[in-house]
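Understanding the architecture of this molecule
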Amino acid sequence: MTRAGKAVGVVLGGMVGLAASAQTPVGPTGYSPVASPPMTAMQMPGPMTQPMNAGPTRVVLADVVAADYREAVLSVVKKPTVSTRSASDSVVCDPKLYEWMLDHPDRVSLAWQRLKVPCVAISDQGNGRFGWTDEDGSAISWQPVGRFPDGVIWYATGKVKPGAVAPVVPVKAVIILTYPKRQLANGDTAISPVVQGYLQTDSRAASAVMRMLGPTTPKLAEQAAEQLLFFFAGIGRYAYTHPEKTQDLLAPAK
């Protein structure tokens, strides 16, 4: 079973791996998300930067990112080691709840666990900062550093250890998530999220693994980005179809 929450740590931490198992998750409503491919064994991204359509959000980064983080964010975006872009199918859900989940990924992770979908724990470190660790020694933390209408920018730093015998790799990452809304004829709201991710690392060990992976890198990064989108959209969709369970599903840990 895919550990859905690890996508948050993976992508926000640098798109450096794709969870430790290889089966497509069966969502809480019993479906297998076609747009969310299985995560495979944890891997490092490849040596080249994948070209992508940066979109309007990249242009306004300097205007919306907090001053304390502006230089660091622009440095990653301008010279990433690897980058990716992914969009998901529209999801009908409560837009206010979706935005709340973006600010509470720890509660989303807990919700997946309550639905019996294996998911790594995400810790609330206070002041809008969150963290993720794994048994191999990876440790990533991130926080929002900019907001714009229907969008948020996260900045992440930390280290990733791809395996027991692999060295620790320092990473920095910028994730731009946009979620344009569209009102449906029945009054409901459809959200069409898009994520853009930029990873930067100057590790020699990472470069060696990147050369080995070669052309598979863009796909690995894209899969991690897709899992991030599903992490939030899956719970949003479930809450929409089971509103009577939403409060308990997203409640704090007891």
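Residues numbered from 1 in each chain as written. Predicted model: local features only at pLDDT ≥ 70, side-chain atom pairs only at ≥ 80, totals over all residues. Heavy atoms only, no water.

Let us now look at the overall build of the protein. For the protein, the count of helices and strands is 9 helices and 10 strands. The burial tally for the protein puts 52% of its 254 residues in the buried class. In the protein, once contacts between residues fewer than 6 apart in sequence are set aside, the share between residues at least 24 apart is 66%. (Helix = DSSP H or I, 4+ residues; strand = E, 2+ residues; numbered from the N terminus. Buried < 20%, exposed > 50% of the residue type's maximum accessible area, 1.4 Å probe, protein only. Contact = heavy atoms within 4.5 Å.)

With that settled, the discussion passes to helix α6 (residues 105-114). Within α6, 8 of the 10 residues are buried, which leaves the element mostly enclosed by the surrounding structure. Within the sequence span of α6, burial applies to Pro105, Asp106, Arg107, Val108, Ser109, Leu110, Ala111 and Trp112. After α6 finishes, the residue Lys116 shows a positive phi value of roughly 70°.

With respect to the helices, strands and loops of the structure, Ser141 is situated in strand β5 (residues 139-148). For the pair Ser141 and Gln125, spaced 16 residues apart in sequence, the C-alpha to C-alpha distance is 8.5 Å. Setting aside chain neighbours within four positions, we find Ser141 in contact with Gln125, Arg129, Phe130, Gly131, Tyr155, Ala156 and Thr157.

Attention shifts here to the nonpolar core. Ranked by internal contacts, the top residues of the largest apolar core, which has 44 residues, are Tyr98, Phe232 and Ile235. Of all the secondary structure elements, the ones that give two or more residues to this core are α5 (95-102), α6, β4 (129-133), β5, β6 (151-160), β7 (169-178), β10 (194-200) and α8 (217-241). At 10 residues, α8 tops the list of elements feeding residues into this core. Not counting residues within four places of it along the chain, the set of residues in contact with Tyr98 comprises Cys93, Leu177, Tyr179, Ile191, Pro193, Phe232 and Ala233. Ranked by size, the runner-up nonpolar core spans 12 residues in total, among them Val65, Val145, Ile153 and Val174. (Core = buried A, V, L, I, M, F, W, Y, C linked by side-chain atoms within 4.5 Å.)

Attention now goes to the pattern of salt bridges. By the definition in use, this model includes 3 salt bridges. Arg147 is the salt-bridge partner of Asp103, the closest N and O atoms lying 2.7 Å from each other. Of this pair, Asp103 sits in the loop between α5 and α6 while Arg147 sits in strand β5, and the two are 44 residues apart along the sequence. Relative accessible area serves as the criterion here: at 30%, Asp103 is assigned to the partly exposed category. Here the salt bridges share partners, and the residues they tie into one network are Glu99, Asp150 and Lys181. (Salt bridge = Lys/Arg side-chain N within 4 Å of Asp/Glu carboxyl O.)

So, on to the sheet that holds strand β2 (residues 91-92). Taken in spatial order, the 3 strands line up as β2-β9-β8 in an open sheet, and their pairing is antiparallel. One side of each edge strand has no neighbouring strand; the edge strands of this open sheet are β2 and β8 (181-183). (Pairing = 2+ DSSP bridges.)

Looking at the protein as a whole, its pLDDT mean stands at 76, while 69% of the residues score no less than 70. This model gives residues 1-7 a pLDDT under 50, and the stretch forms 42 contacts once residues within four places in sequence are excluded. A low-confidence stretch, residues 12-57 (pLDDT under 50), is modelled with 160 contacts involving residues beyond four sequence positions or located in other chains. (pLDDT = per-residue confidence, 0-100.)

A few words on the packing of aromatic side chains. Per the counting criterion, the structure on display carries 6 aromatic pairs. Look at Trp154 and Phe232: their rings are 6.3 Å apart centre to centre, the planes differ by 20°, and that puts the pair in the stacked class. Here Trp154 is found in strand β6, whereas its partner Phe232 is found in helix α8, with 78 residues between them in sequence. Owing to a relative accessible area of 3%, Trp154 belongs among the buried residues under this scheme. Site record: aromatic cluster; members linked through ring pairs are Trp154, Phe231 and Phe232. (Phe/Tyr/Trp six-rings, centres within 6.5 Å; stacked < 30°, edge-to-face > 60°.)

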